[in-house]
Amino acid sequence: MELSLDISRSAMLQYLQDKNWMEPYEEVLRLEKPGEGNMNVVVRVVGDTRNLILKQSRAFVNKYPQIPAPIERIGVERQFYTLAASLPELRKYLPWVVGFDAKSHLMVLEDLGKGADYTFIYKKEQPMAAEDLSAAVEFLKVLHAQKFDSETVRAFPDNLALRKLNHEHLFVYPYMEDNGFDLDTIQPGLQALAMTYKTDSALKQKVLALGEVYLSAGSTLLHGDYYPGSWLRVNARFKVIDPEFCFFGPAEYDLGVMLAHLRMAQQPEADIEKVVEQYGGEINSGFVGQIEGMEILRRIIGLAQLPLELTLEEKEALLKLAAKKITSNA
Ligand SMILES: Nc1ncnc2c1ncn2[C@@H]1O[C@H](COP(=O)(O)OP(=O)(O)OP(=O)(O)O)[C@@H](O)[C@H]1O
Ligand SMILES: [Mg+2]
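Residues numbered from 1 in each chain as written. Chains lettered and ligands numbered in written order. Predicted model: local features only at pLDDT ≥ 70, side-chain atom pairs only at ≥ 80, totals over all residues. Heavy atoms only, no water.

### Quick word on the coordination of the magnesium ion (ligand 2)
Formally: Distances define the donors: N, O and S atoms within 2.8 Å of the metal qualify, as do those within 3.2 Å of Na, K or Ca. Water is excluded, so some sites may look unfinished. Per-residue accessibility, obtained with a 1.4 Å probe over protein chains only, is compared with the maximum for each type, and a residue is labelled buried under 20%, exposed over 50%, and partly exposed between these values.
Bound to the magnesium ion (ligand 2) are the protein donor atoms Asp 242 (OD), Asp 242 (OD) and Glu 244 (OE), situated 2.1 to 2.6 Å from the metal. No difference in accessibility class separates Asp 242 from Glu 244, as the two residues are buried.

This is how it looks when you write it as structure tokens:
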């Protein structure tokens, strides 16, 4: 089935009942767009007794059909949910997988409810509530602490096709002097600012080495895209979604990405320190800093822009810090 908001309610009901994901007595009231997303097609089925979220991958990025993307990614996401749901402490943060249709590249999820993602923290003076931040760290800590047997790790998809696509946007594209993306359309002066980093060969060399690590295998299950767009606040609870970039890799990756976003969202320094402290564990903090730096750079001078409310000077300070974090570590 090809998922869209245009599909008739009766066709949707028929499909869901054929799959036994809705009962014969249930009704579909309407189809909604649950929130913003770029990669996939996501539809909320509002029923008379409950809602479902349907997520379908295509062989391209939904918002940019000219960019090919591995259609199997929805299956990888499903495997993450299945594995993570086997860990009782993580279940409360994640939606249930109601069903999976491999042929249609479609996953059905529990609707966590109407809420907002946490991208509001990029707005001025929007600190993340202490308990939510603590929940965000707790999720990561528990996820990363899991020791899976070697057979589970081996059998888990390497997600390499999607990682390679991501690799381009994280480690290569932002540093191309002429990639066709005029950063001045984002903010006048940003292009000239970016040139400092696009022409810094020592920095670029370090970034490429980091990219190699990103593409290599590890033994910790990572969410892979642990930033405010993957966090939902529903019914005053913290939830995690969208693990399509998951892979077995270095724990430092998820933590570094998270810290980068807290910094770009100008969260209080004390809160950022608390995150590192609460996470604890045996991590390579230099490596965390490098990932943090990489994520700051690629979000400010790369294609996947965020709704940041920062002046050019604030961005410059962040870029400087990011480059330092990358180059000052071996
Ligand atoms: N289980 C769920 N319960 C409630 N809302 C959900 C659920 N899953 C997704 N949503 C909503 O749908 C939006 C898009 O979902 P998701 O982020 O998984 O899609 P995506 O296409 O992978 O997005 P992106 O391009 O940002 O990676 C989310 O931001 C959220 O608002
Ligand atoms: Mg996604």
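### Some words on empty space enclosed by the protein
Formally: The method works on a 1 Å grid over the protein atoms by themselves. A cavity is a set of points holding a 1.4 Å probe that cannot get out, a pocket is an open set with protein on both sides within 12 Å along at least five of seven lines, and residues with an atom within 4 Å of a point line them. Grid points are joined across faces, edges and corners, and a volume is the space filled by probe spheres set on the points. Under the scheme applied here, ten amino acids are nonpolar (Ala, Val, Leu, Ile, Met, Phe, Trp, Tyr, Cys and Pro), four are charged (Asp, Glu, Lys and Arg), and all others, including Gly, are polar.
Enumeration over the complete set of coordinates arrives at one cavity of 30 Å³ or more. Taken as a whole, the largest cavity holds about 30 Å³ of empty space. The wall of the largest cavity is formed by Leu 210, Val 213, Tyr 214, Phe 247, Pro 250, Tyr 253, Phe 287 and Ile 291. Split into classes, the residues belonging to the lining of the largest cavity amount to eight nonpolar, no polar and no charged.

### Some remarks on the domain arrangement of the protein
Using the following cut-off: Throughout the structure description, domain borders are defined by an automatic or database domain assignment. It only takes one pair of heavy atoms within 4.5 Å for two residues to be counted as in contact. When two parts are brought into contact, each loses some accessible area as probed by a 1.4 Å sphere; the total of that loss over both is the buried area.
Domain parsing of the protein yields domain 1 (9-110) and domain 2 (116-327). The C-alpha centroid of domain 2 is placed 25 Å from the C-alpha centroid of domain 1. Tallying the contact residues gives 21 residues for domain 1 and 27 residues for domain 2. For the pairing of domain 1 and domain 2, the buried interface totals around 2100 Å² over both sides, and the portion due to carbon and sulfur atoms is 75%.

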